Amino acid sequence: MGLQSSVGIAVGISATLPTTHDAEVATGFPSLTFTAAGKLNAAAPMTGTKDVATFDNLTTGEEEKLVDILRAGNGDMSFGYDADDAGQALLETAAEATTDAGSKVALEFTLNNGDKYYRLAIITSYTPEGSVGNVLMATVGTEFYRKHVKVAVA
């Protein structure tokens, strides 16, 4: 497949987490019901990054590198603020939660070609922001945990 536009990326939110961390239809991410969050302006990163462990080998005088742990990462999503949007309401509820469980959501990012990226996130903030000459926006802070799950369109 060639290049594809970012226009049309959709994000869904589930306050229920999957039983298994995989693409299994019965128990994994696809088993969840996701609520669409409308007016997405910018998506958060859909994957994490690998750390690299380094070792300075005095015997050879070379630096050695090994793949280390996966960092799930973090990032912001931004939306055109809509108090009536069910998906944004779920994100705001998670941001206001005072428990670990209440702050965690499953996210489903759907690309234009149908590929899906699933992520687990702790919602750290839901912040409406406005300025002169702009529409009211809502910035959502996310801290991701565990590896992403990708389901490619068949």
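Thresholds applied
Residues numbered from 1 in each chain as written. Predicted model: local features only at pLDDT ≥ 70, side-chain atom pairs only at ≥ 80, totals over all residues. Heavy atoms only, no water. Pairing = 2+ DSSP bridges. Helix = DSSP H or I, 4+ residues; strand = E, 2+ residues; numbered from the N terminus. Axes fitted to C-alpha atoms, helices over the stretch in contact; angles between N-to-C directions. Polar contact = N/O pair within 3.5 Å; in protein donor to acceptor, adjacent residues only side chain to side chain. Contact = heavy atoms within 4.5 Å. Buried < 20%, exposed > 50% of the residue type's maximum accessible area, 1.4 Å probe, protein only. Phe/Tyr/Trp six-rings, centres within 6.5 Å; stacked < 30°, edge-to-face > 60°. Lys NZ or Arg CZ within 6 Å of the ring centre and 35° of its normal.

To continue, consider the sheet that holds strand β9 (residues 137-151). Within a sheet, adjacent strands bond to each other through the backbone by hydrogen bonds, running parallel or antiparallel. Spatially, β2-β1-β7-β8-β9-β6-β3 is the arrangement adopted by the seven strands of the open sheet, whose pairing is antiparallel. What marks the edges here is a single partner per strand, and that holds for β2 (35-37) and β3 (40-42). Taken over all neighbouring pairs, the strand axes of this sheet differ in orientation by 40 degrees on average, direction set aside.

Our focus in this paragraph is the side chain of T139. With respect to the secondary-structure elements, T139 resides in strand β9. In terms of polar contacts, T139 uses its side chain to reach the side chain of E129, at 2.5 Å. Those residues in contact with T139 that lie beyond four places of it in its chain are D76, M77, S78, S125, Y126, T127 and E129.

What follows concerns unusual backbone geometry. Even without being a glycine, K39 presents a positive backbone phi close to 65 degrees. Tracing the sequence through the fold places K39 in the loop between β2 and β3. Given a relative accessible area of 51%, K39 falls into the exposed group. Backbone geometry places R146, a non-glycine residue, at a positive phi of 70 degrees. We classify R146 as exposed; its relative accessible area is 51%.

Time to look at the packing of aromatic side chains. Each aromatic ring pair is summarised here by two numbers: the centre-to-centre distance and the angle between the ring planes. Summed over the entire model, instances satisfying the criterion amount to two aromatic pairs. Aromatic pair F29 and Y118: ring centres 5.1 Å apart, planes at 15 degrees, arrangement stacked. Here the residue F29 occupies a position in the loop between β1 (10-14) and β2, and Y118 occupies one in strand β8 (residues 116-129), the gap between them amounting to 89 residues. Residue classification places F29 among the buried residues on the basis of a relative accessible area of 0%. Their ring planes at 35 degrees and their centres at 5.8 Å tell us that F34 and Y118 sit as a pair that is tilted. Here the residue F34 occupies a position in the loop between β1 and β2, and Y118 occupies one in strand β8, the gap between them amounting to 84 residues. In this pair, the class of F34 matches that of Y118, namely buried. One aromatic cluster in this structure is built from F29, F34 and Y118. In this arrangement the basic side chain of K104 is found over the ring face of Y145, its NZ or CZ atom lying 4.7 Å from the centre. In this structure, R119 packs its charged tip against the face of F144, placed 3.9 Å from the ring centre.

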